[in-house]
Structure formats: C-alpha cells, structure tokens
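A structural walkthrough
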Amino acid sequence: DGGITQSPKYLFRKEGQNVTLSCEQNLNHDAMYWYRQDPGQGLRLIYYSQIVNDFQKGDIAEGYSVSREKKESFPLTVTSAQKNPTAFYLCASSADGGNQPQHFGDGTRLSIL
Amino acid sequence: GQQVMQIPQYQHVQEGEDFTTYCNSSTTLSNIQWYKQRPGGHPVFLIQLVKSGEVKKQKRLTFQFGEAKKNSSLHITATQTTDVGTYFCAENQGGSEKLVFGKGMKLTVNP
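Overview of the structure. Note that the coordinates shown come from a computational prediction; the quantities given were computed from them, not determined experimentally. (Residues numbered from 1 in each chain as written. Chains lettered and ligands numbered in written order. Predicted model: local features only at pLDDT ≥ 70, side-chain atom pairs only at ≥ 80, totals over all residues. Heavy atoms only, no water.)

**Here's the deal with the interface of chain A and chain B**
- Contact residues are listed per partner, giving 22 residues for chain A and 19 residues for chain B.
- Interface of chain A and chain B: buried area, both sides summed, is about 1,700 Å²; carbon and sulfur atoms make up 53% of it.
- Across the contact surface, chain A and chain B share 0 salt bridges.
- Applying the counting rule to chain A against chain B returns 4 residue pairs in polar contact (both at pLDDT 80 or more).
- Of all elements in the fold, only β4 (31-37), β5 (43-51) and β9 (87-94) of chain A reach the threshold of two or more residues within the side of chain A that touches chain B.
- By residue number, the principal contributor to the side of chain A that touches chain B is β5 of chain A, which donates 4 residues.
- Grouping the amino acids of the side of chain A that touches chain B by side-chain chemistry returns 9 nonpolar, 11 polar and 2 charged. (Contact = heavy atoms within 4.5 Å. Buried area = accessible area lost by both parts, 1.4 Å probe. Salt bridge = Lys/Arg side-chain N within 4 Å of Asp/Glu carboxyl O. Polar contact = N/O pair within 3.5 Å; in protein donor to acceptor, adjacent residues only side chain to side chain. Helix = DSSP H or I, 4+ residues; strand = E, 2+ residues; numbered from the N terminus. Nonpolar A, V, L, I, M, F, W, Y, C, P; charged D, E, K, R; others polar.)

**Thoughts on the sheet that holds strand β3 (residues 19-25) of chain A**
Residue and element names in this part refer to chain A.
- Strand order in this open sheet of 4 strands is β1-β3-β8-β7, and the pairing throughout is antiparallel. Two strands bound the open sheet, and with one partner strand each, they are β1 (4-7) and β7 (64-66). Averaged over all pairs of adjacent strands, the angle between strand axes in this sheet comes to 20 degrees, irrespective of strand direction.
- Both β7 and strand β8 (residues 76-78) contribute to a ladder of 3 bridges, which runs antiparallel. Each bridged residue has a counterpart across the sheet, and for Val66 the counterpart in β8 is Leu76. (Pairing = 2+ DSSP bridges. Axes fitted to C-alpha atoms, helices over the stretch in contact; angles between N-to-C directions.)

**A word on the sheet that holds strand β6 (residues 55-58) of chain B**
Residues and elements named next belong to chain B.
- Across the sheet, which stays open at both edges, the 5 strands sit in the order β1-β3-β8-β7-β6 with antiparallel pairing between neighbours. Unpaired on one side and paired on the other, β1 (5-7) and β6 mark the two borders of the sheet. Neighbour-to-neighbour, the strand axes of the sheet open up by a mean angle of 15 degrees, direction not taken into account.
- Sheet topology note: the β6/strand β7 (residues 61-65) ladder contains 4 bridges and is antiparallel. Within β7, the residue paired with Gln58 across the bridge is Leu61.

And the structure:
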C-alpha cells in the first residue's frame, strides 16, 4: 500500500534543541515538500526538493534545514534558530512537481516544552 | 509572489443547504487545485482544473474555473456533516514546481 509516512506524530522540543521530523514515501515520487500549518493559516512552504541531492528554500526556510540523500526520504530539522517552532508540519510528495497533485502525510505536531 | 485569496474564510451552514466558496487571483492562473482537510487530518487532493471555463463534478461538489482563469469556485449541494473541514485552493506559480495555497475556507455544518 503506497503512501507517505511521517514520524513521530507528536514531538516536544526543549529550548536550544534541534529536532528532526521524518518523512518517507514509497510512491516513487520525484518531488517532496515540507509545509508548516498554523491555526487559521494556510500551508506555508518551508523547503522542497525536485530530485535527490537537490533542494530549494520555500517561503519560510529560516530556522529549518533539510536533506535529500534518497528519493524516498526528506527529513526536516527544526533548529534552535527557529524561535517559534510550535506548529503542525506536513510533508507531501508529487510525481514530478509543478501541476501534479500532492499527496500528504498525516503530519507531525511539534510543541515547545 | 502570487497569492490566491479564498472567500469566505469561514462558513457555517445548516445541513441540507447549498453554498459556494471562491478562490480569486489578480493574475491569470495556469491551473488550480482544490484540497480538503478534515479536522485533525491532512489535506487530500480533490480536483485539478486547467482549461478556461472548465467545470468538473464529484457527486455533490461542483468545481469551476473562470473564463479568464483568474478565479475558481466550489459549490456544494445539500451539505452534509461529512463535508465538514477546511477547503484549500492552490496554484503553481506560473508553471513553477511549487504550489501556493490559499488560507482555506473552514466549513462547519449544523445537523
């Protein structure tokens, strides 16, 4: 059964700590995306990747980092430089980006301790 | 960058009522996508519109792309409690590789 798996579902971060959110897909999609969702807001793009070993900043990349070493995996690190990390984080993938539909994971809810 | 504006931001309807929500842009869109996010869930792709004036139906949902490709509408007939959620429109900026999402229209239904 193909899909996107995000883990963990809930994550707590201490002050000054970096945390990494996992995103894995077995859809054989080339493009992967990370979004941040805050209450009453739409989806804001953090980073995206069109191909392995390449990624681009989205609209709110500051305080975040990513890697794309494998086609299936696109982990997101929320660094200590991100001063307001509490949000719902969604990972998505699409066949080749652009006008292709995006498939989303179940999300990770990150909170500050 | 280009943005799509969704109106209204919130909609509360009585079960059985019809309603329409809109997605507007100041510039011509190459295509528009619609997604639905149930409470506590993740966005799920509903439909994509590409052609000027295009109309697509999914059961009680009717999606339309404006003739000038600057707006899109979603009409729901005979709203049910299963329609509850937030509906997003999204467009890829001038054919780029990323989507820009509207802020969403949150629908609640009174049974």
